[in-house]
Amino acid sequence: MGPPPLKLNIGRDGDRISALHDDLLLGILERLDLRDAVRAGALSARWRHLPYRLSRLHLNAGHFHRATLLEGMGAFKDAACRLLSVCPPPAAGKSPRVIETLALTFCVSAPHLSFIGRAVEDVVSRGHTKCFQFDICSRCKDGTRRTTQLLTELGKQFMSFSSAYPVAFGWLTFLTLEDLAFGDSDVADLIRGCDKLKDLKLRSCRLVDRHSALKIDTPHAGLENLWFISFRCALIELISVPKLRIFWCWSRKNPPVRCGYVPELYKVELGSRAKASQVPFALSECFSRSATNLSKLYLNFGSQMIWIKPEHPKELTSIFNNLTSLALFNIFSECNLSWTLFILEVAPALQKFRLSRTQHPCAKVSEDNPEKTKIVWEPSKDLKHLNLKLFIMFGFEDEDKVTNYIRLVMERAVGLKRIELHGRSPCNGCDAIDLESLRRSQADEASRHRIKEQLRHGSSSSVEIVIC
């Protein structure tokens with residue numbers, strides 16, 4: 001048996017804890033949520049100064065519930081200024097305060113930004129901050145209507161904030177912006193002004209002129225991760241982002257991006273629910289020949305039309321030569337699948353291939369939904385892929401179209417070691433259940449054996465088949 005559970009005597013042990021060295025007490029407080037740490041500090045005069053010596057601070061304006069958003073931002077500003085203030089000089093033998101991690105989440109509020117900027121610059125100018133993050137949104141979460149005029153004004157206020165406090169923004173390592181509208185050059189100018197920025201996320205943002213292209217030409221930037229979630233513009237052009245490693249884009253436009261000089265890019269995720277006005281495009285339109293480091297490609301079709309088209313291998317082989325992982329998400333269930341093998345032809349190093357088929361009963365059909373046309377393409381007769389080891393399918397059904405496709409994969413991927421077949425995932429958008437799909441996906445052991453025999457029939461492959 002282990003030791004008996006610890007019984008804490010508040011009257012006795014409280015004094016014993018307070019007698020500990022400040023560094024040990026800080027170690028306790030830094031394992032708490034910031035609000036709990038501040039509350040703990042208020043319980044005792046011995047602990048009262050400790051929240052002002054924390055080395056990791058994450059302060060969120062959303063935690064300051066007031067009658068209005070501006071009142072909440074006022075309370076946030078006051079708390080941030082107090083917690084970021086310089087403590088009195090430490091006593092002999094005690095080290096000065098160092099804030100290594102600082103994360104602030106707040107909205108654009110002109111009356112308060114200058115106070116936040118000055119408080120932050122006082123901290124980061126000491127040179128000890130290793131991780132510094134801003135999560136900034138517009139004021140629209142208070143129910144204010146998100147007009148282009150409002151988002152444009154808030155975007156201007158944010159850009160003025162970044163220009164007024166260059167020291168603060170020069171130390172930023174992570175930045176998330178939401179619901180702001182920018183001028184054509186604002187995003188590139190922002191990246192250039194953030195010398196240490198590694199990760200930039202733009203969520204539900206837009207260009208003021210949505211018919212313009214967002215051009216990012218930042219040859220000296222250290223930016224590594226770039227995320228665009230529902231960014232409204234005509235096109236995103238990555239002219240020169242030499243340190244970029246991960247690019248993620250969920251867009252309403254096709255093609256969503258064109259890559260220029262991105263030699264370190266190794267992971268790309270593209271997603272779009274295509275509209276009726278859009279036509280399929282070639283992947284070669286997105287990638288330049290400098291993207292030779294690309295090893296992971298994930299495409300999400302949102303259960304709508306397939307917005308890429310197969311193309312001749314010579315157009316993509318040099319770009320996908322080092323591709324090792326491919327995922328094709330949310331292919332509508334009526335779609336034929338043989339077209340997907342064109343990527344095997346252009347990616348000789350591919351080792352892992354994931355594919356998911358979806359059908360959501362709750363999906364809304366509108367006049368703007370495109371026709372889900374089937375792609376007509378057959379792989380080369382002499383296609384033999386040597387390196388693919390793992391094939392995973394989600395949305396597997398026991399029907400000829402699906403099993404014939406899997407047999408085609410087995411035939412062409414001669415080095416395949418393992419196949420995993422998963423049934424449909426539940427629809428997160430509603431409680432509706434496709435009973436027929438459910439019945440077919442929840443096969444009993446006898447059915448699983450029959451499916452495996454059907455897949456292996458006439459094949460010399462020794463691949464392991466797992467039906468989950």
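Looking at an unreviewed UniProt entry, one finds the chain named F-box domain-containing protein and attributed to Aegilops tauschii subsp. strangulata.

A. The arrangement of the overall build of the chain in detail. The number of helices and strands found in the chain is twelve helices and 19 strands. Here the chain holds 468 residues, and the buried ones make up 49% of them.

B. Looking closely at the confidence of the model for the chain. Scored by pLDDT, the chain has a mean of 84; 77% of the residues are at 70 or more. Segment residues 1-13 is flagged for pLDDT under 50; beyond a separation of four residues in sequence, or across chains, it makes four contacts in the model.

C. Spatial organisation of the packing of helix H10 (residues 400-412) against helix H12 (residues 445-456). Between H10 and H12, the least distance of the axes is 9 Å, while the angle of their chain directions is 50°. On the basis of the axis angle, H10 is oblique to H12. Once H10 is placed against H12, the crossing between them reads as right-handed. Contacts between H10 and H12 pair Asp400, Thr403, Ile406, Arg407 and Met410 from the former with Gln454, Leu455 and Arg456 from the latter. Class assignment for the residues of the contact of H10 with H12 results in three nonpolar, two polar and three charged.

D. Focus on the packing of aromatic side chains. Tallying each qualifying case throughout the model produces 21 aromatic pairs. Measuring from ring centre to ring centre gives 6.1 Å for Phe301 and Trp339, while their planes differ by 85°; the resulting arrangement is edge-to-face. In this pair, Phe301 sits in the loop between strand S14 (296-300) and strand S15 (325-332) while Trp339 sits in the loop between S15 and helix H9 (342-346), placing the two residues 38 residues apart along the sequence. In this pair, the class of Phe301 matches that of Trp339, namely buried. Joined through ring pairs, the aromatic side chains of Phe64, Phe76, Phe106, Phe132, Phe134, Phe158, Phe161, Tyr165, Phe169 and Phe182 make up one cluster.

Calculation rules
- Residues numbered from 1 in each chain as written.
- Predicted model: local features only at pLDDT ≥ 70, side-chain atom pairs only at ≥ 80, totals over all residues.
- Heavy atoms only, no water.
- Helix = DSSP H or I, 4+ residues; strand = E, 2+ residues; numbered from the N terminus.
- Buried < 20%, exposed > 50% of the residue type's maximum accessible area, 1.4 Å probe, protein only.
- pLDDT = per-residue confidence, 0-100.
- Contact = heavy atoms within 4.5 Å.
- Axes fitted to C-alpha atoms, helices over the stretch in contact; angles between N-to-C directions.
- Parallel < 35°, antiparallel > 145°, perpendicular 65-115°, else oblique.
- Left-handed = near helix turned anticlockwise from the far one by under 90°.
- Nonpolar A, V, L, I, M, F, W, Y, C, P; charged D, E, K, R; others polar.
- Phe/Tyr/Trp six-rings, centres within 6.5 Å; stacked < 30°, edge-to-face > 60°.

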